[in-house]
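Commentary on secondary and tertiary structure
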Amino acid sequence: MGIRGLMSFVEDHSNEFFTDLKLQDTKIVIDGYALFHRLSFNSNLELRYGGDYDSFADIVQKFFESLFACNICPYVVLDGGCDISDKKLTTLKDRAREKIQMAHSLSVGGSGYVCPLLIREVFIQVLIKLQVCFVQCFSEADRDIMTLANHWNCPVLSSDSDFCIFDLKTGFCPLNSFQWRNINTIKGTQNYIPAKCFSLDAFCHHFSNMNKALLPLFAVLCGNDHINLPIIETFLSKACLPLGATSSKGRRHHRILGLLNWLSHFANPTEALDNVLKYLPKKDRENVKELLCCSMEEYQQSQVKLQDFFQCGTYVCPDALNLGLPEWVLVALAKGQLSPFISDALVLRRTILHTQVENMQQPNAHRISQPIRQIIYGLLLNASPHLDKTSRNALPPQPLAFSEVERINKNIKTSIIDAVELAKDHSDLSKLTELSLRRRQMLLLETLKVKQTILEPIPASLKLPVAVSCYWLQHTETKTKLHHLQSLLLAMLVGPLTAIINSPGKEELQEDGAKMLYAEFQRVKVQTRLGTRLDLDTAHIFCQWQSCLQMGMYLNQLLSTPLPEPDLTRLYSGSLVHGLCQQLLASTSVESLLSMCPEAKQLYEHLFNATRSYAPTEIFLPKGKSNSKKKRQKKQNTSCSKNRGRTTAHTKCWYKGNNRFGLLMVENLEEHSEASNLE
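If you check an unreviewed UniProt entry, the protein chain appears there as Asteroid homolog 1 from Rhinopithecus roxellana. The heading Sequence similarities (unreviewed entry) in the UniProt record of the protein chain holds the text "Belongs to the asteroid family."

See the structure below:
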């Protein structure tokens, strides 16, 4: 993010460039992307198992409660999709490769920082729950954040070094010195959060009272997310101090120091830029000048007035308006009701599929959810004629084509995916919200290949996760086993258990049972974190499920939520799900686990009954029977029928001895197969 090496450089000179701040009684504009990454990576959360979203949600809540306790009013600003110019594509691809390497490191027991797949959605859900004001920008948020903070004369909270370049009236507070866990008190009554504030004046004073207007040129010469011209190396090698350090950090700091000292000799950006160009070949000067000037504009004030959104609910972005997108789409994007994934697909016809901690030797976990994405792309095909020129630049002239940047082994690849052509009334994005609830729900469930009747006994908050689980089970490439399904469904009980515990109307016996089961789940979760080795195949299967859930949610949002959005904060906890897998494989049965809480037991039965008819028959067979059955089927049909009967009888006995629900009996395999057929 921002200018590599600049943040550590200014922090190494903390006494010179920062002032101590006692933050209280103020508005603060928060870089949402920086915050949820900071809280995810610096809170001792488990990152190997796909996300402990409940723990993350608790930390986010504590963070904002600390702000409230100091009378600090937060306004969170989130990045949207990629810039229309797509000038950050090279940077984004580089980061995708880095993320793959870190995910691989985590998967084999090493270190690394990879955000769980649904962390952004969980973060937004917590903001809504706490009634924290937030906005999702149409593209990158930095300029909008700067403009809003200057309008309100309040500080910015971020970890992005670009905020060392912006001329902020009240300054920039880095997240790593923002001591929100350490609230102090003045005179026993007024709470404040100790923080450090970067002083642009002190920074410029240190470099011979450098003109602040030179800093955007410094940023683009140093190399930021938007520009990294190899030809600039020619200038740097001639004009600045030679490399004098061996470590990468030392080399970056040396370059920063040399460049700032060199720029400080010029009165203004025009003079400095002319001197930069003198070091370059004449044939390159005009082109380089145009690129540098264009990149420097990224540090100027934004035309977007976020204060209008926070005060009146009005979000006006000239870039978005020029594309002619439907009004309802722009509103939903600004409110975080549609993901940046949708705007990337809309504007660029390109999406980036984020790598999880998965098995790098298998096809990437997002392959399973490709059919859902193809429906999403089909809904976005005819959004606006203004988009044609924008999106066609990056693609061959194929009317249905979208590109996806995905993992292949331990590298990235761009694949061309065709959208599904939908019926005429589904292909006009501007009128999509006018479709009846029934038709929108039908399209969602048809995409997930699920019958509506299956979901009738399921609580509203779990209908979408159960429908997604049915879709997931129908894809044989997941190699799902029964204990995987059981673990997921058991983890889905955490939300209802929390509701029982917190409900004042429940009888003491019910509440005690719920508390006991909840405590058992927490014990399993803690035990898993204490050193359980990651089962890569199991991790990959749950990554596939999360990808299905993510894309199922995006489709549901695009269809204006025909099914209620699930509470992700209490839906999936990776440590719990992986721990339950281990226990169910060892000795624990679902029946014994749920015996302490009849309400949870009944809900589990509903969840299992809904999903089992979509599961491959093999997952219900005793260990070893599945493979032997397949071998027998290859011999002859008649013997297959006889063996099938014997297998069923054996299975009935085994179910009874092990686990009454979660291993529910299949009366005969033919009947089970029929139940799995689609409408």
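1. A few points about the sheet that holds strand 9 (residues 350-352)
Spatial ordering of the open sheet is given by 9-10-11, a layout of three strands whose pairing is mixed. Strands with a single pairing partner mark the edges of an open sheet, and in this sheet they are strand 9 and strand 11 (411-418). On average, adjacent strands in this sheet sit at an angle of 25 degrees to one another, irrespective of strand direction. Two strands pair when backbone bridges link them, and strand 10 (residues 401-408) and strand 11 are joined in this way by eight bridges, in the antiparallel orientation. Its bridge partner being in strand 11, Glu404 is matched across the sheet by Ser415.

2. Thoughts on the side chain of Glu406
Within the secondary structure, Glu406 sits in strand 10. Taking the relative accessible area as the measure of exposure, Glu406 reaches 4% and is therefore buried. Polar side-chain contacts of Glu406 include one of 2.8 Å to the side chain of Asn364. Of note is the side chain of Glu406, whose polar atom sits 3.1 Å from the side chain of Arg367. Setting aside residues no more than four positions away along its own chain, Glu406 makes contact with Leu353, Asn364, Arg367, Asn411, Ile412, Lys413 and Ser415.

3. A word on the packing of helix 18 (residues 370-380) against helix 20 (residues 437-448)
The N-to-C vectors of helix 18 and helix 20 enclose an angle of 145 degrees; their axes lie 9 Å apart at closest approach. The handedness of the crossing between helix 18 and helix 20 is right-handed. Listed contacts from helix 20 to Pro371, Ile372, Ile375 and Leu379 of helix 18 are Leu443, Thr447 and Leu448. Broken down by class, the residue content of the contact of helix 18 with helix 20 amounts to six nonpolar, one polar and no charged.

4. As for the pattern of salt bridges
For the structure on display, the rule yields 15 salt bridges. Among the ionic pairs, Arg4 bridges to Glu98, the shortest N-O distance being 2.9 Å. Pair noted here: Arg4 is in the segment before helix 1 (6-12) and Glu98 is in helix 5 (residues 89-107), with a separation of 94 residues, a long-range link. With a shortest N-O distance of 3.6 Å, Lys212 and Asp167 are connected by a salt bridge. Taken together, the residues Lys212 in the loop between helix 8 (200-206) and helix 9 (215-222) and Asp167 in the loop between strand 5 (156-158) and strand 6 (172-174) connect sequence positions 45 residues apart. Of the residues examined, Asp167 reaches a relative accessible area of 42% and is grouped as partly exposed. Among the charged side chains, a salt-bridge network with shared partners connects Asp167, Asp201 and Lys212.

5. Topic: helix 26 (residues 574-586)
Relative to the 18 Å expected for 13 residues at 1.5 Å per residue, helix 26 spans 18 Å between its end C-alpha atoms, a close match to the ideal helical length. Taken across its 13 residues, helix 26 has ten buried, putting it largely inside the fold. Those residues of helix 26 that fall on the buried side of the exposure criterion are Gly574, Ser575, Leu576, Val577, His578, Gly579, Leu580, Cys581, Gln583 and Leu584.

6. Observations regarding unusual backbone geometry
Notably, Asp25 is not glycine yet its phi reads approximately 50 degrees, a positive angle. Locating Asp25 in the fold gives a position in the loop between strand 1 (18-23) and strand 2 (26-31).

7. Quick word on helix 17 (residues 340-348)
Within helix 17, nine of the nine residues are buried, which leaves it mostly tucked inside the rest of the structure. Looking at helix 17, one finds that the buried residues are Pro340, Phe341, Ile342, Ser343, Asp344, Ala345, Leu346, Val347 and Leu348. The backbone nitrogen of Phe341 lies 3.0 Å from a side-chain oxygen of the residue at the head of helix 17, namely Ser339. Downstream of helix 17 by a residue or two, Arg349 has a phi angle that is positive, lying close to 50 degrees.

8. Considering the pairing of strand 3 (residues 72-78)
On a regular strand, one side chain projects to one face of the sheet and the next to the other, so that they alternate. In terms of burial, strand 3 is largely enclosed, as six of its seven residues are buried. Bridging between strand 2 and strand 3 involves six bridges; their strand directions are parallel. Looking at the pairing, Val29 lines up with Tyr75 of strand 3. Here strand 3 pairs with strand 4 (residues 133-136) via four bridges, running parallel. Looking at strand 4, one finds that Val77 is bridged to Val135.

Parameters and conventions
Residues numbered from 1 in each chain as written. Predicted model: local features only at pLDDT ≥ 70, side-chain atom pairs only at ≥ 80, totals over all residues. Heavy atoms only, no water. UniProt positions renumbered as here; feature names shortened; annotations may be inferred. Pairing = 2+ DSSP bridges. Helix = DSSP H or I, 4+ residues; strand = E, 2+ residues; numbered from the N terminus. Axes fitted to C-alpha atoms, helices over the stretch in contact; angles between N-to-C directions. Buried < 20%, exposed > 50% of the residue type's maximum accessible area, 1.4 Å probe, protein only. Polar contact = N/O pair within 3.5 Å; in protein donor to acceptor, adjacent residues only side chain to side chain. Contact = heavy atoms within 4.5 Å. Left-handed = near helix turned anticlockwise from the far one by under 90°. Nonpolar A, V, L, I, M, F, W, Y, C, P; charged D, E, K, R; others polar. Salt bridge = Lys/Arg side-chain N within 4 Å of Asp/Glu carboxyl O. Expected span 1.5 Å × (residues − 1).

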